[in-house]
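# Architecture at a glance
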Amino acid sequence: MGIVLERLPWVCGALPGGSGVLACADGFINWARKRSVWPMTFGLACCAIEMMASYASRFDFDRFGVFPRPSPRQADLIIIAGTVCKKMADPILQVYHQMPEPRFVLAFGSCANCGGPFHDSYAVVKGVDKLLPVDVYVAGCPPRPEALLHGVLELQKKIDAMRLAG
Amino acid sequence: MTDDEVLAKLAATFPKADKAETQIKGILTLRAASGDDLVALARWLKDKLGFDYLDMITAVDHVAERKAFELVYCFTQLPAGQRVALKLETPDPGSVPSLTAVFPSADWQEREVFDLFGVRFQGHPDLRKILTPDFLEGHPLRKDYVHAKDRFD
Amino acid sequence: MPELLASPPLPSDRMFINLGPQHPSTHGVLRVGLTVEGEFIVKAEPDVGYLHRGIEKLCESRTYPQCVVLADRLDYVSAMTNELPFCLAAETLLGVEAPERAQDLRVIVCELNRIASHLLFFGTYGIDLGAFTPFLHAFREREMVLDLFEALCGGRLTYNYIRIGGVMKDLPEGWGDLCRRFLTHLGERLPEYDELLSFNPIFLDRTREVGLLDRRAAVSWGMTGPNLRASGVDYDLRKAAPYCGYGKVAFDTAVGKRGSCWDRYYCRVREMAQSARIVEQALGGLAAGPVMAKVPKVLKPPPGEAYAHVEASRGELGVYMVSDGGASPARVHVRAPSFLNLQVLGELLVGARIADVVAILGSVDIVLGECDR
């Protein structure tokens, strides 16, 4: 499947009307991807509790197609929910590299955005963007579950802008 | 058992130990004269006076004033809930006997004091870092700790 | 044919597996290094520190009221009970006492927080053992408690409500009725929880004979809170040394018999009912008056030391505070129940099956924010 998607823009570029095919392909693939963003359960600290609340019945993430996966091998999104401590930095990198592409990173909460209330600590990484490329930042301490839903909706917009042709 | 009774029994068994200069408000705070007495005192508190539950072990950095760390221990008598605290000064750098033989729950708390202050505990089964990352050098809770930039800063 | 039957035995070396730090059932970032021989654990080494944020050091560069904000984030599941010992220690150093109405309000919010925390425990313990439904039920009730807190002080998870000298503000109008309605609703739901999980045969099979910890071991390993009570020690700080408004309310302590995982679990379920009872009484007996004592704008307690304890959801939470007369504390040490409760794992897991590891770990109910500080 990956080889087909890689070669598709080159093939379509050579054929007449190819750009129309590409646009359709883009639309379909992006629709499929954004409607089934599967995050990995990666709660670190307090924000993890609000993340769990958003999976529960009141805020119900499942209606967006968001379904938590415990293994990074089966996940599209990693929600860094909580403080990134220096001891935990290497495990985070290891887990991120185990995720297959396309993969996205959502920094959830002040600590993941910039270190939060602990930014001047000797043991805290000042934001997960020092380690990983972040796609969406959700601010709050902790952010409400609605904010997390908003963050995933923003991620869906970002996925919409992805193009096969690079 | 009232505070005075405890002090009277203490004076009879451990004449060198006495009441600490700075009392923790609301808790009778004793002072051990030296590390040699510590284990015997803890065992006496546990077996003879019934303070069989180790509440907390921590340290306070007084190196600037007195070139010493002050170790603070707190014991509780279950189920009545009466508490007694014990302070011990140890010079910096210093080592103190471990209480793990008397109270197994001293294990991690002593490791924490070692990790954050650098106080060593003789006789501890496994004295190594517990909270800070391996690459962090130094003992962060010391007042003279200067944070050296690492690869995450 | 006979050669096949006479083949040498299969190699059976010991294997080292990491449980965590990323694992759905470790309740946070905990790593347990397990050495297994087949299905059985031979050695278990819990490794903490993956959430060590240096809160004790940070407190030394924050003012006293700012320390309360950091305190919220220790045991993030029951933040109100974290703020309380900080404030009590600071009040002891300052020599002030919160007014009676503030003490009653503190009891109400701490007990509601205990209910929320135990609901979370109930839901996540079910998930750990493969039962997903209790999680959804528990969070439904938990959302009601969080709504009450949001109406009270604006925060769902971290509150900064209990302040040095009292509480932030008084109850809004109608809050008492909302709270009573929630308590009635909870009273009807608790028997449902017993039906769903507590007396479910599969759950009983997985927890009743697992993780047995006798009384002597529990005391010597420093267990605290429901874990200690499940092993038969009738010690609850709210009764042994009542603080705030606990002297005015009557409730039972849930004490177990055998110290199994099920005992630890059921102590918490029973505590929810008792907490509801306490809140009901406290709401009825709410004293009139101000909710904040007169404290100076800049808090500079005279030099001294204080050690305040509360019965938090996970055990006895203590804050040892040393003041040198400045605007920041000279030293703050948090005696975290989860840190002490975890130590026993090294002994309790030996001889257990891999499947029991999660049952035992879940029943101890730790929160890494508190454990690692």
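Everything below is about the structure shown above.
The structure displayed is predicted, hence computed values, not measured ones.

On to the overall build of chain C. Within chain C, the secondary structure is distributed over 16 helices and 8 strands. Against the 2.2 N^0.38 benchmark of 21 Å for 373 residues, chain C shows a C-alpha radius of gyration of 22 Å, consistent with a compact globule. Taken along the three principal axes of its C-alpha coordinates, chain C extends 90 × 50 × 35 Å. Taken over 373 residues, chain C has a buried fraction of 65%.

Moving on, we get to the interface of chain C and chain B. The partner chain B presents 42 residues to the 39 residues of chain C that form the contact. Counting every contact that joins chain C to chain B gives 5 salt bridges. The closest approach of N and O atoms between Glu305 of chain C and Lys87 of chain B, which form a salt bridge, is 2.8 Å. The interface formed by chain C and chain B contains 21 residue pairs in polar contact (both at pLDDT 80 or more). Of the residues forming the side of chain C that touches chain B, the biggest block, 5 residues, is contributed by strand 6 (residues 304–312) of chain C.

This part covers a nonpolar patch on the surface. Side chains of Trp10, Val11 and Leu15 of chain A sit close together on the surface and give an oily, nonpolar patch of about 340 Å² of accessible area. The residue Leu15 of chain A is located in the loop between helix 1 (2–14) and helix 2 (18–34) in this model.

The next thing to look at is the side chain of His62 of chain B. Residue and element names in this part refer to chain B. Along the chain, the position of His62 falls in strand 4 (residues 53–62). In this structure His62 comes out as buried when scored by relative accessible area, which is 13%. Setting aside residues up to four positions removed in sequence, His62 forms contacts with Lys67, Ala68 and Glu70.

Rules behind the numbers
Residues numbered from 1 in each chain as written. Chains lettered and ligands numbered in written order. Predicted model: local features only at pLDDT ≥ 70, side-chain atom pairs only at ≥ 80, totals over all residues. Heavy atoms only, no water. Helix = DSSP H or I, 4+ residues; strand = E, 2+ residues; numbered from the N terminus. Rg over C-alpha atoms; globule rule 2.2 N^0.38 Å. Buried < 20%, exposed > 50% of the residue type's maximum accessible area, 1.4 Å probe, protein only. Contact = heavy atoms within 4.5 Å. Salt bridge = Lys/Arg side-chain N within 4 Å of Asp/Glu carboxyl O. Polar contact = N/O pair within 3.5 Å; in protein donor to acceptor, adjacent residues only side chain to side chain. Patch = residues over 30% accessible without salt bridge, like charges linked within 9 Å, V, L, I, M, F, W, Y side chains within 5 Å. Areas by Shrake-Rupley, 256 points an atom, 1.4 Å probe, with all protein chains shown as cover.

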